[in-house]
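Analysis of the macromolecular model
Here is how the chains run, residue by residue.
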Amino acid sequence: MAPRASKTKKEQPQDAAEAAGDAIMSEPPTSHQPANTEDASMMDPEEENQEDGEEEPEEEPQRVKILPGSTPTAASFEFLKEGHTLGNALRYVIMKKYVEFCAYAIPHPSEDRMNVRIQTYEGTTAIQVLEKGLRDIQELCDVVTDKFLVARKDFADQMAS
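Residues numbered from 1 in each chain as written. Predicted model: local features only at pLDDT ≥ 70, side-chain atom pairs only at ≥ 80, totals over all residues. Heavy atoms only, no water.

Describing the environment of Thr71
As for its placement among the helices and strands, Thr71 is situated in the loop between β1 (64-66) and β2 (74-80). Through-space distance from the C-alpha of Thr71 to that of Ala126 is 8.3 Å; in sequence the pair is 55 residues apart. (Helix = DSSP H or I, 4+ residues; strand = E, 2+ residues; numbered from the N terminus.)

The following block contains the structure:
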(Lines give C-alpha, C1' and ligand atoms only; values in the text may rest on other atoms or scores of the structure.)
Protein backbone atom coordinates (compact mmCIF):
# COMPACT_ATOMS: atom_id res chain seq x y z
CA MET A 1 0.00 0.00 0.00
CA ALA A 2 1.34 3.39 -0.97
CA PRO A 3 1.77 6.03 1.70
CA ARG A 4 -0.67 8.95 1.57
CA ALA A 5 0.84 12.15 0.43
CA SER A 6 0.00 15.08 2.64
CA LYS A 7 -1.27 18.28 1.09
CA THR A 8 1.09 21.17 0.90
CA LYS A 9 0.03 24.59 2.10
CA LYS A 10 -1.01 25.64 -1.44
CA GLU A 11 -3.30 22.64 -1.96
CA GLN A 12 -5.25 23.03 1.29
CA PRO A 13 -8.73 24.62 1.08
CA GLN A 14 -8.83 28.39 1.57
CA ASP A 15 -12.22 28.55 3.33
CA ALA A 16 -15.17 26.43 4.48
CA ALA A 17 -17.02 26.68 1.12
CA GLU A 18 -14.07 25.29 -0.77
CA ALA A 19 -13.56 22.61 1.87
CA ALA A 20 -17.18 21.52 1.44
CA GLY A 21 -16.66 21.18 -2.30
CA ASP A 22 -18.67 24.30 -3.23
CA ALA A 23 -17.57 26.33 -6.20
CA ILE A 24 -16.35 29.82 -5.42
CA MET A 25 -17.72 32.53 -7.67
CA SER A 26 -16.12 35.94 -7.82
CA GLU A 27 -19.08 37.48 -9.70
CA PRO A 28 -22.77 36.58 -10.00
CA PRO A 29 -23.74 34.62 -13.12
CA THR A 30 -24.83 36.59 -16.17
CA SER A 31 -28.41 35.39 -15.71
CA HIS A 32 -28.48 36.96 -12.23
CA GLN A 33 -29.30 40.49 -13.40
CA PRO A 34 -30.55 41.89 -16.69
CA ALA A 35 -27.83 43.42 -18.84
CA ASN A 36 -29.79 46.61 -19.57
CA THR A 37 -31.93 47.89 -16.71
CA GLU A 38 -33.04 51.13 -18.40
CA ASP A 39 -35.77 49.49 -20.47
CA ALA A 40 -36.61 46.72 -18.03
CA SER A 41 -40.30 46.69 -17.19
CA MET A 42 -41.82 45.36 -13.99
CA MET A 43 -45.01 44.28 -15.82
CA ASP A 44 -45.69 41.06 -17.62
CA PRO A 45 -45.93 41.35 -21.40
CA GLU A 46 -49.68 40.66 -21.16
CA GLU A 47 -50.12 43.54 -18.70
CA GLU A 48 -48.19 45.91 -20.96
CA ASN A 49 -50.62 45.19 -23.80
CA GLN A 50 -53.57 46.00 -21.52
CA GLU A 51 -52.32 49.49 -20.61
CA ASP A 52 -54.38 50.96 -23.44
CA GLY A 53 -57.51 50.62 -21.31
CA GLU A 54 -58.60 47.42 -23.02
CA GLU A 55 -58.93 45.09 -20.07
CA GLU A 56 -59.94 41.55 -20.78
CA PRO A 57 -62.30 40.08 -18.20
CA GLU A 58 -60.54 37.56 -16.00
CA GLU A 59 -61.93 34.09 -16.29
CA GLU A 60 -62.94 32.79 -12.89
CA PRO A 61 -61.61 29.31 -12.12
CA GLN A 62 -64.10 26.46 -11.80
CA ARG A 63 -65.37 26.51 -8.20
CA VAL A 64 -67.45 23.30 -8.23
CA LYS A 65 -66.27 19.87 -9.25
CA ILE A 66 -67.58 16.33 -8.97
CA LEU A 67 -65.37 14.16 -6.80
CA PRO A 68 -64.21 10.74 -8.00
CA GLY A 69 -66.38 7.73 -7.24
CA SER A 70 -69.66 9.44 -8.07
CA THR A 71 -72.58 7.79 -9.85
CA PRO A 72 -75.56 9.50 -11.51
CA THR A 73 -77.75 9.07 -8.41
CA ALA A 74 -75.06 9.47 -5.74
CA ALA A 75 -72.40 12.14 -6.08
CA SER A 76 -70.02 14.19 -4.00
CA PHE A 77 -69.25 17.76 -5.02
CA GLU A 78 -66.41 20.03 -3.91
CA PHE A 79 -67.07 23.77 -3.68
CA LEU A 80 -64.03 26.03 -3.49
CA LYS A 81 -64.16 29.25 -1.44
CA GLU A 82 -67.41 28.27 0.27
CA GLY A 83 -68.29 27.44 3.84
CA HIS A 84 -71.11 26.77 6.28
CA THR A 85 -73.36 29.56 4.96
CA LEU A 86 -73.92 27.98 1.56
CA GLY A 87 -73.49 24.42 2.83
CA ASN A 88 -76.25 24.55 5.41
CA ALA A 89 -78.65 26.48 3.16
CA LEU A 90 -78.04 24.08 0.27
CA ARG A 91 -78.50 21.03 2.48
CA TYR A 92 -81.78 22.43 3.85
CA VAL A 93 -83.21 23.30 0.42
CA ILE A 94 -82.19 20.00 -1.17
CA MET A 95 -83.55 17.88 1.71
CA LYS A 96 -86.99 19.48 1.18
CA LYS A 97 -87.04 17.87 -2.28
CA TYR A 98 -87.25 14.17 -3.04
CA VAL A 99 -83.74 12.98 -2.18
CA GLU A 100 -82.58 10.04 -0.16
CA PHE A 101 -79.65 11.83 1.48
CA CYS A 102 -77.91 15.20 1.46
CA ALA A 103 -75.13 16.41 3.74
CA TYR A 104 -72.23 18.82 3.65
CA ALA A 105 -68.86 18.88 5.39
CA ILE A 106 -65.97 21.25 5.79
CA PRO A 107 -62.92 18.92 5.60
CA HIS A 108 -60.73 21.20 7.74
CA PRO A 109 -61.33 24.70 9.15
CA SER A 110 -58.18 26.07 7.54
CA GLU A 111 -59.15 24.80 4.08
CA ASP A 112 -61.36 27.08 2.00
CA ARG A 113 -63.60 24.36 0.59
CA MET A 114 -66.81 22.49 1.28
CA ASN A 115 -67.98 19.03 0.22
CA VAL A 116 -71.63 18.19 -0.47
CA ARG A 117 -72.92 14.62 -0.81
CA ILE A 118 -76.26 14.00 -2.56
CA GLN A 119 -78.02 10.65 -3.01
CA THR A 120 -81.24 10.59 -5.02
CA TYR A 121 -83.91 8.06 -5.82
CA GLU A 122 -84.05 6.58 -9.32
CA GLY A 123 -85.40 8.93 -11.97
CA THR A 124 -83.35 12.02 -11.12
CA THR A 125 -79.62 12.67 -10.96
CA ALA A 126 -77.57 14.27 -8.22
CA ILE A 127 -76.44 16.99 -10.65
CA GLN A 128 -80.07 17.92 -11.44
CA VAL A 129 -80.86 18.13 -7.73
CA LEU A 130 -77.78 20.30 -7.06
CA GLU A 131 -78.66 22.68 -9.91
CA LYS A 132 -82.28 22.93 -8.69
CA GLY A 133 -81.11 23.56 -5.13
CA LEU A 134 -78.77 26.35 -6.21
CA ARG A 135 -81.54 27.96 -8.32
CA ASP A 136 -83.95 27.74 -5.35
CA ILE A 137 -81.43 29.46 -3.06
CA GLN A 138 -80.89 32.20 -5.66
CA GLU A 139 -84.65 32.77 -5.96
CA LEU A 140 -84.97 32.86 -2.17
CA CYS A 141 -82.19 35.45 -1.94
CA ASP A 142 -83.92 37.55 -4.62
CA VAL A 143 -87.18 37.51 -2.61
CA VAL A 144 -85.36 38.51 0.58
CA THR A 145 -83.58 41.34 -1.25
CA ASP A 146 -86.84 42.65 -2.73
CA LYS A 147 -88.60 42.60 0.64
CA PHE A 148 -85.64 44.32 2.30
CA LEU A 149 -85.58 47.11 -0.28
CA VAL A 150 -89.33 47.70 0.11
CA ALA A 151 -89.03 47.78 3.92
CA ARG A 152 -86.05 50.16 3.75
CA LYS A 153 -87.95 52.51 1.42
CA ASP A 154 -91.00 52.42 3.74
CA PHE A 155 -88.80 53.19 6.73
CA ALA A 156 -87.09 56.09 4.92
CA ASP A 157 -90.51 57.51 3.91
CA GLN A 158 -91.75 57.17 7.50
CA MET A 159 -88.67 58.94 8.90
CA ALA A 160 -89.00 61.77 6.32
CA SER A 161 -92.61 62.56 7.29
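Don't stop here, the text continues.
Quick notes on the pattern of salt bridges
Between side chains of opposite charge, a pair can form when the charged atoms approach closely. Under the definition given, this model contains six salt bridges. Across the pair Glu78 and Lys65 runs a salt bridge whose closest N-O atoms are separated by 3.5 Å. A residue pair is termed long-range when its members are at least 10 positions apart, and Glu78 in strand β2 and Lys65 in strand β1 qualify at 13 residues. Of the residues examined, Lys65 reaches a relative accessible area of 46% and is grouped as partly exposed. One salt bridge in this structure joins Arg113 and Glu111, with 2.7 Å as the shortest N-O distance. Arg113 gets classed as partly exposed once you look at its relative accessible area, which sits at 24%. Look at the salt bridges and you will find they share partners, linking Lys65, Glu78, Glu111 and Arg113 into a network. (Salt bridge = Lys/Arg side-chain N within 4 Å of Asp/Glu carboxyl O. Buried < 20%, exposed > 50% of the residue type's maximum accessible area, 1.4 Å probe, protein only.)

So, the environment of His84
Relative to the elements of secondary structure, His84 occurs in helix α3 (residues 84-95). Distance in space between the C-alpha atoms of His84 and Tyr104 is 8.4 Å, their sequence separation being 20 residues. Non-local contacts of His84, meaning those with residues more than four positions away in its chain, are made with Tyr104 and Ile106. (Contact = heavy atoms within 4.5 Å.)

What about the sheet that holds strand β4 (residues 113-120)?
Pairing within the open sheet is antiparallel, and its four strands lie in the order β1-β2-β4-β3. The sheet is open, and its two borders are formed by β1 and β3 (99-105), each paired with just one other strand. Each adjacent strand pair in this sheet contributes to an overall mean axis angle of 20°, direction not counted. In the sheet, β1 pairs with β2 via three bridges, with the strands oriented antiparallel. Bridged to Lys65 within β2 is Glu78. (Pairing = 2+ DSSP bridges. Axes fitted to C-alpha atoms, helices over the stretch in contact; angles between N-to-C directions.)

A closer look at helix α4 (residues 126-160)
Between its first and last C-alpha, α4 extends 51 Å over 35 residues, near the 51 Å set by a 1.5 Å rise per residue. Where α4 is concerned, the buried positions are Ala126, Val129, Leu130, Gly133, Asp136 and Ile137. Residues of α4 that are buried in the fold lie against β2, α3, β3 and β4. (Expected span 1.5 Å × (residues − 1).)

Comments concerning α3
With twelve residues, α3 extends 16 Å from end C-alpha to end C-alpha; this agrees with the ideal 16 Å at 1.5 Å per step. Where α3 is concerned, the buried positions are Leu86, Gly87, Leu90, Val93 and Ile94. End-on, the buried residues of α3 take up no more than an arc of 140°, which puts them together on one face. Among the exposed residues of α3, those oriented more than 90 degrees off its buried face are His84 and Thr85. Buried positions along α3 lie against β2, β3, β4 and α4. (Arc of directions from axis to C-beta.)

What to know about the packing of α3 against α4
Packing of α3 against α4 leaves a shortest axis separation of 9 Å and a crossing angle of 110°. With respect to their mutual orientation, α3 and α4 come out roughly perpendicular. α3 and α4 meet at a crossing whose hand is right-handed. For the pair α3 and α4, the contacting residues are Leu86, Ala89, Leu90, Val93 and Ile94 in the first and Val129, Leu130, Gly133, Leu134, Asp136 and Ile137 in the second. (Parallel < 35°, antiparallel > 145°, perpendicular 65-115°, else oblique. Left-handed = near helix turned anticlockwise from the far one by under 90°.)

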